[in-house]
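Fold and contact review
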Amino acid sequence: MNPRQITVLGECVADAFTAPVSARNELALRVLPGGGPANTAVALARLGTPARFLARLSGDVFGRLFRAHLEASGVDLSHAVQAAEPSTLAVAELDTQGQATFSFHAQATADWQWTSAELTGVDLADTACVHTGSLALVKEPGAVVVEDFLAAAAPRATISIDPNVRPLLVDPEVYRARLAHWCRLADVLRLSEDDLDLLLPGTPPEQACDTWHEAGARLVVITRGADGALASLDGERVRVPAVATQVVDTVGAGDSFTAGLLHHLGTRGLLGGRLTDLRIDDVEAACLFATKVAALTCSVAGPNPPWQDRLAQSAIAADA
C-alpha cells in the first residue's frame, strides 16, 4: 500500500560540528541541516512517504541551505513560511562515543515565531498523520499556536509527538507542565530514555508508559539507544533490540526512528485516525523496522537518514 502524506511541523536548525584545525587559536565548523522535525521530514521522504514540512525558513545562508536540503530529499515545502528572522544555530561537540553535546543560539530566531494566520490555510485533507515536537512545542511565542494547530488537526489525522527535551534551552519543567495536554492530543508519543529521565526522574519506563496512557496517548515508544526500544499500546508492551552498527555519531537517530515507525505504520494503512486497528504485533514490526533506520543514521556523520534504496541494499534491512 502506498502511504498517505505525513505533515511535519517544527524547526530546522543549523547543526554546526566542531572540527580540529592546525592553528591553535582557530575553530572550524562543519554545518549540516538539522533540527528534530526537519530530520523526521527528511527521513520520511527518503523512505518513500510523502512528507510535507511546515516550517519557518529564514532567507539567510542557513535558511537557503535548509531549503536546498529538504527539497533535494523530496520534502514538500509548499506551505513553508519565508521568514524574516535569522535561522537557529546549534553547535555540537561530539564525545568519543559519538554522542553530541549542543549549545544553542536561538534567541528570537525564525522557528518560534508562528502566528495563527500562517497555519490557518493548511489543508489536511490528504494528511494521514501530523507529527511535531521538540522546541517548536515549548518556545514562545509560537508554542501555543502549534498546540492549537494540533487540536484542530486531531479529528482528521493521527497525531504524533516527540518531546525531544532540550534542557540547555528550555527548562524541563516547561515540558512537564505541558506533557499531559500533549498526551490528550497525541495518539503516538515517542521519546528517548534521556527525555524520560528529564520528564519523570526516577520513574521506571513501564510506569511512565502507564502515566502517559492515562493522560491519553494510546501508543508510547521509549527508545533506549543500544538497549533498543520499549513500546506500549494501551498498556500491552513489547521490547525490541537495537541493531548493531558501527556508530559514527548518534545525531538524528531518534528522529530517524520516529520516521521509520510512522512510515511502517503508514504503509500498512494504520495511520489516519485514533489507531483503532493497531495491534501489538503491528507495533513490534514497526519498531523493528525503525531500529534499522536509526542504525543506518548512526553509521554516517550528522543527521543523514538513509534513502529507501540504501535501506533495501543494507545487510540490516528488513521488509518495509
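Structural notes, computed from the coordinates. Treat the numbers as computed from the prediction; the structure is a model and nothing was measured.

Here we take up helix 7 (residues 205–215). Those residues of helix 7 lying buried are Pro-205, Ala-208, Cys-209, Trp-212 and His-213. Along the axis of helix 7, the buried residues cluster in a sector spanning 140 degrees; they form a single face. Contacts made by the buried residues of helix 7 are with helix 5 (172–185), strand 11 (188–192), helix 6 (193–199), strand 12 (219–223), strand 13 (229–233) and strand 14 (236–240). Just beyond helix 7, the residue with positive phi is Gly-216, at close to 135 degrees.

Interhelical geometry of helix 4 (residues 143–153) versus helix 5 gives an angle of 25 degrees and a closest axis separation of 10 Å. The angle between the axes of helix 4 and helix 5 places the two elements in the roughly parallel class. Both helix 4 and helix 5 take part in a crossing whose hand is left-handed. Each of Ala-143, Glu-147, Leu-150 and Ala-151 in helix 4 lies in contact with helix 5, whose residues at this interface are Arg-178, His-181, Trp-182 and Leu-185.

Along helix 4, the residues that are buried comprise Ala-143, Val-145, Val-146, Glu-147, Phe-149, Leu-150 and Ala-153. Looking at the buried positions of helix 4, the neighbouring elements they touch are strand 1 (5–9), strand 4 (51–54), helix 3 (116–120), strand 9 (127–133), strand 10 (158–162) and helix 5.

A separate point is the nonpolar core. Leu-189 and Trp-212 are the most contacted members of the largest nonpolar core, which totals 49 residues. When neighbours within four sequence positions are excluded, Trp-212 is seen to be in contact with Leu-179, Cys-183, Leu-189, Leu-191, Leu-196, Leu-200, Ala-217, Val-220 and Ile-222. Within the second largest apolar cluster, 47 residues are counted, among which are Ala-43, Val-238, Leu-265 and Val-283.

Take the environment of Leu-278 next. In this structure, Leu-278 sits in the loop between helix 8 (253–267) and helix 9 (280–298). Residue classification places Leu-278 among the buried positions, given a relative accessible area of 2%. Along the chain, Leu-278 and His-105 lie 173 residues apart, while their C-alpha atoms are 40 Å from each other. Apart from the residues within four sequence positions on either side, Leu-278 is in contact with Leu-219, Leu-233, Leu-265, Leu-270 and Val-283.

Among the five residues of strand 1, five are classified as buried, and the element is accordingly described as predominantly covered. What you see with strand 1 is no split at all: Gln-5, Thr-7 and Leu-9 on one side and Ile-6 and Val-8 on the other are buried throughout. Of the strand pairs in this sheet, strand 1 and strand 4 are connected by four bridges, and their pairing is parallel. Bridge pairing in strand 4 links Ile-6 to Ala-51.

Procedures and definitions
- Residues numbered from 1 in each chain as written.
- Predicted model: local features only at pLDDT ≥ 70, side-chain atom pairs only at ≥ 80, totals over all residues.
- Heavy atoms only, no water.
- Buried < 20%, exposed > 50% of the residue type's maximum accessible area, 1.4 Å probe, protein only.
- Helix = DSSP H or I, 4+ residues; strand = E, 2+ residues; numbered from the N terminus.
- Arc of directions from axis to C-beta.
- Contact = heavy atoms within 4.5 Å.
- Axes fitted to C-alpha atoms, helices over the stretch in contact; angles between N-to-C directions.
- Parallel < 35°, antiparallel > 145°, perpendicular 65-115°, else oblique.
- Left-handed = near helix turned anticlockwise from the far one by under 90°.
- Core = buried A, V, L, I, M, F, W, Y, C linked by side-chain atoms within 4.5 Å.
- Pairing = 2+ DSSP bridges.

So, to be careful, I would describe these as geometric facts and stop short of saying anything about function.
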